[in-house]
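What the coordinates show
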Amino acid sequence: MRTVKSRATTVGGVGSRQRDRERLVSSSSSSSYPSTRKGGGSSRMPSRLVTMSLRKQRVLIASKDKQGSKATGRRERESKLEKLAAKPEVKEATLLIDCPDAKGVVAASASMLYGQGCNLLETDQHSCPDAGLFFQRIHFDYSDCYLGNTEAAITGLEAAIESVASRFDMKWRISYANKLKRMAILVSKFDHCLYDILLRKNSNELKCEIPLIISNHETLSHIGEQFEIPFYHLPMVKDPNATPDQKIEAKLRQENEIENLLEEYDIDTVVLARYMQVLSDDFCKRHETHTINIHHSFLPAFEGGYPYHRAYDRGVKMIGATAHYITADLDAGPIIDQDVIRISHRDSVEDMIQKGRNLERSVLSRALSWHLQDKVLIHNNKTVVFGY
């Protein structure tokens, strides 16, 4: 008996609970149940009642243990939240570099950031020996920058970057994580890319702000209402009797309205989510480094209307989608991402259209994500994408 008590005592206070049960049985037998023996005296509690009492005691002990565990868990969660609240805001930035390939470029940029008190979080680079070019993406934390993290300190940090850039003939661009890009969506009548972008933004897959939607048709205005985003209908006035010059003037007036909205909302990224209008050369030149278009990869074989129908008639065995930056040359800008899918003789025109739209959604979302994370560098008519 002593051996049992000693072992129970060493296991989380089980011995004390055993003694509590014994006292419960003793007190219950002496006070709760009157004697059934003639002439008075005491009698033992019936075995069935003893079992019930012990069960109640176990439930009571388990309930107390559970309450104690909940209280401990609550205190731990509160402690973690307090630590997170006390933790200073992390200041991060991304630096993109494009320069002639030379010895010491990586060391110079890393030493410069270290000298400013910055901490490098991620680096990626690519060199083209044949072309003599070097590209680099540096993601760093400037929370402990020696100059601080105020606007004046950021100006000093950028001056230090410029000092290195001048030595290596660098083109560079920096963006700050605490300033989200503001994106405008231009769309016509097809809704699949528009819905996909808005849903991914709401689920935080695309980290940006979308303050407005612009369209040349009213067809999708209900989507703006659904997502509580201002929807601007800027129609193209079609006059069958208009001369070519009058048509150009009408297009420029409509584009001027778009420009005013982009400026009013401080837009720095534009996505053409199946916007079925050819933009003017001047508009493309002003926005070519931050405007992304998506289209099927039949171009230029099946450009124009009903491309899937003509591809079906031709019996193609593969369809695809391309996301690219715009240029004055129609659908010929620097490519960001592409994808393809097989087509068989069993696929109808409707099957091909559905597969094509699925590709357009996925390709455009990847291209947008890489652009928003500053993982794309443009050089001439090509891109270096650090997202792969």
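Up top is the structure these notes are about.
Residues numbered from 1 in each chain as written. Predicted model: local features only at pLDDT ≥ 70, side-chain atom pairs only at ≥ 80, totals over all residues. Heavy atoms only, no water.

**Here's the deal with the side chain of Thr 322**
Within the secondary structure layout, Thr 322 lies in strand 10 (residues 318-325). Its relative accessible area of 5% is what places Thr 322 among the buried residues. Once residues lying within four places of it in the same chain are set aside, the contact partners of Thr 322 are Asn 293, Ile 294, His 295, Ser 297, Ile 335, Asp 337, Gln 338 and Val 363. (Helix = DSSP H or I, 4+ residues; strand = E, 2+ residues; numbered from the N terminus. Buried < 20%, exposed > 50% of the residue type's maximum accessible area, 1.4 Å probe, protein only. Contact = heavy atoms within 4.5 Å.)

**Quick look at the packing of helix 4 (residues 105-115) against helix 5 (residues 151-168)**
The interhelical angle for the contact between helix 4 and helix 5, taken along N-to-C directions, is 165°, at an axis separation of 10 Å. Looking at the two axes, helix 4 sits roughly antiparallel to helix 5. Relative to helix 5, the crossing made by helix 4 is right-handed. Side by side, helix 4 and helix 5 meet where Val 105, Ala 108, Ser 109, Met 112 and Leu 113 of the first sit next to Leu 157, Ala 160, Ile 161, Val 164, Arg 167 and Phe 168 of the second. A per-class count over the contact of helix 4 with helix 5 returns 9 nonpolar, 1 polar and 1 charged. (Axes fitted to C-alpha atoms, helices over the stretch in contact; angles between N-to-C directions. Parallel < 35°, antiparallel > 145°, perpendicular 65-115°, else oblique. Left-handed = near helix turned anticlockwise from the far one by under 90°. Nonpolar A, V, L, I, M, F, W, Y, C, P; charged D, E, K, R; others polar.)

**A look at the packing of aromatic side chains**
Within this structure, the stated rule accounts for 4 aromatic pairs. Judged by centre distance (6.0 Å) and plane angle (70°), the rings of Tyr 232 and Tyr 265 are edge-to-face. Highlighted residues: Tyr 232 in strand 7 (residues 231-233) and Tyr 265 in the loop between helix 8 (244-264) and strand 8 (269-272), separated in sequence by 33 residues. Taken together, the ring pairs connect Phe 140, Tyr 142 and Tyr 176 into an aromatic cluster. (Phe/Tyr/Trp six-rings, centres within 6.5 Å; stacked < 30°, edge-to-face > 60°.)

These figures capture arrangement, not role.
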